[in-house]
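Topology and contacts: notes
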Amino acid sequence: MAQQVADRRDVDFVLHEQLNIEQLSKYEQFVDFNKKTIDMVVSEARNLALKELLPCQKEADEQGCSFKNGTVTVPEVFHRAYAFFREGEWIAMCDDPDWGGQGMPSAVALAANNYFNGANFPFMLHNILSHGAGKLVEFFGTDKQKELFLENMYTGLWGGSMLLTESEAGSDVGALTTKAVKNNNDTYAITGNKIFISSGENNLVENIIHPVLARIEGAPDGTAGISLFLVPKIWVNDDGSFGEFNDMVCTGIEKKMGIHGNPTCSMALGGKGQCRGTLLGQENQGMSAMFVMMNEARLHVGMQGFSCASASY
Ligand SMILES: Cc1cc2nc3c(=O)[nH]c(=O)nc-3n(C[C@H](O)[C@H](O)[C@H](O)COP(=O)(O)OP(=O)(O)OC[C@H]3O[C@@H](n4cnc5c(N)ncnc54)[C@H](O)[C@@H]3O)c2cc1C
């Protein structure tokens, strides 16, 4: 196979000659990751990237996402790619196998992501958001939140997003006005409007679990008074079955110069007063919790740049 996206010799050099990666297999956590397994993971990632993700990149970019009556349709070709991606369990490569992860060393996952991002990074954005949102549930979720959401997110049955930005709160996220009011149970009523939400709505998955930054009534101004909530698109009952639509409506998508395969959504929460969420982590600690996902996203942006440069070369 011609060297596209990334040069396999370069990847092998970094993993084996520079990092001596298979030495990690002497630790119990990575005992299964000997050289043979690592090479197999990289080969499988490369195959999927070259045979499925790269060929649909151009068509997806040309078709883009479309918006109609609150629903967002992703490029048709993404459905097949997503089915393969889920089947290969690529969303949660480094995470706990008990929750649907593969328990891989990060460096091996980065080598796989190098191929995936270089082949089709708008497609990868959907997966990166699902993973990052899942990580928040893993780090800060109660046992019940983990039970209800985590495996379905890590295996890609459900998607994820991140809702920080508002029209008057971008860099200055502490200015946000989305409000949370405690209900008579362990839920909060959420109201507000968010903009620029990647994968905020899409037809790739049957449910989307949204981490949302909001201010609990009476909390301090600025970032000190921000809490993090888990707000599902479709409510999930205690037994894991679906409840009602959670009054979280996509009101439009941006027309962008690039990344056409990933929708950048405006979202209205609680327009009918029926949007519910549960607190994720501690009250007023939402900003520091959110950094777990934001920092992962920042590293992924670096990886996207590297992978696109590598593919261009
Ligand atoms: C494609 C895309 C996807 C996105 N996805 C998401 C998402 O999934 N979830 C989400 O919550 N948000 C998302 N965002 C929003 C993104 O996080 C914001 O765009 C970002 O926080 C900047 O906010 P802003 O656009 O309001 O710009 P502003 O904050 O208005 O900044 C405009 C300019 O002013 C500068 N500036 C701002 N404050 C200062 C200051 N104090 N001193 C000096 N200079 C300053 C900035 O550097 C920038 O150059 C997305 C944005 C894009 C473009």
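Keep in mind the model is a prediction, meaning the values are calculated, not measured. The numbering scheme is per chain: residues are counted from 1 as the chain's sequence reads. This being a predicted model, a pLDDT of at least 70 is required before a residue's local features are given, and a value of 80 or more before pairs of side-chain atoms are given or counted; all residues contribute to the totals for chains, interfaces and linings. The basis for the side-chain values is all heavy atoms of the structure; hydrogens and waters are excluded.

A word on the overall build of the protein chain
In plain terms, the rule: For the purposes of this entry, the term helix denotes a DSSP run of H or I that reaches at least four residues, the term strand denotes a run of E that reaches at least two, and both are numbered from the N terminus. Based on C-alpha atoms, the radius of gyration is set beside the globule rule, defined as 2.2 Å times the residue count to the power 0.38. Relative accessible area decides the class of each residue, using a 1.4 Å probe on protein chains only: under 20% of the type maximum gives buried, over 50% gives exposed, and in between gives partly exposed. Contacts: residue pairs with any heavy atoms within 4.5 Å of one another. Calculation of accessible area relied on Shrake-Rupley with a 1.4 Å probe; when residues are assessed, cover is drawn exclusively from the protein chains displayed.
Counting secondary structure elements, the protein chain contains 7 helices and 12 strands. Since a compact globule built from 313 residues should have a radius of gyration of about 20 Å, the 20 Å found for the protein chain is in line with a globular shape. Over its C-alpha atoms, taken along the principal directions, the protein chain stretches across nearly 55 × 45 × 35 Å. Burial analysis of the protein chain (313 residues in total) assigns 51% to the buried set. Considering only residue pairs separated by 6 or more positions, the protein chain has 69% of its internal contacts joining residues 24 or more positions apart. Summed over all atoms, the accessible surface of the protein chain reaches about 14,600 Å², with 51% contributed by carbon and sulfur.

A few points about unusual backbone geometry
The residue valine 5 is not glycine, and still its phi comes out positive at about 70°. Residue valine 5 is classed as buried on the basis of its relative accessible area of 7%. Phi is positive for aspartate 247, close to 50°, though the residue is something other than glycine. Mapped onto the fold, aspartate 247 is located in the loop between strand S9 (242-245) and strand S10 (248-253).

What about the domain arrangement of the protein chain?
Convention followed: Boundaries between domains were set according to an automatic or database domain assignment. Take the accessible area each of two parts loses on contact, using a 1.4 Å probe, and add the two losses: that sum is the buried area.
We note that the domain assignment places domain 1 (8-140 + 297-312) and domain 2 (143-295) within the protein chain. Relative placement of domain 1 and domain 2: their C-alpha centres are 24 Å apart. Contacts between the two partners involve 40 residues from domain 1, matched on the other side by 45 residues from domain 2. Summed over both sides, the interface between domain 1 and domain 2 buries roughly 3,900 Å², with carbon and sulfur atoms accounting for 68% of that surface.

Overview of the packing of helix H2 (residues 35-53) against helix H5 (residues 106-140)
As a reminder of what qualifies: Note on geometry: axes are lines fitted to C-alpha atoms, helical ones only across the stretch in contact, with angles between N-to-C directions running from 0 to 180 degrees. Angle categories are assigned with fixed cut-offs, so that under 35 degrees is roughly parallel, over 145 is roughly antiparallel, 65 to 115 is roughly perpendicular, and the rest are oblique.
Between H2 and H5, the shortest axis-to-axis distance is 9 Å and the interhelical angle comes to 5°. Between H2 and H5, the angle is such that the two are roughly parallel. Across from Ile38, Val41, Val42, Ala45, Arg46, Leu48, Ala49 and Leu53 in H2, the residues of H5 making contact are Val108, Ala111, Ala112, Tyr115, Phe116, Ala119, Asn120 and Phe123.

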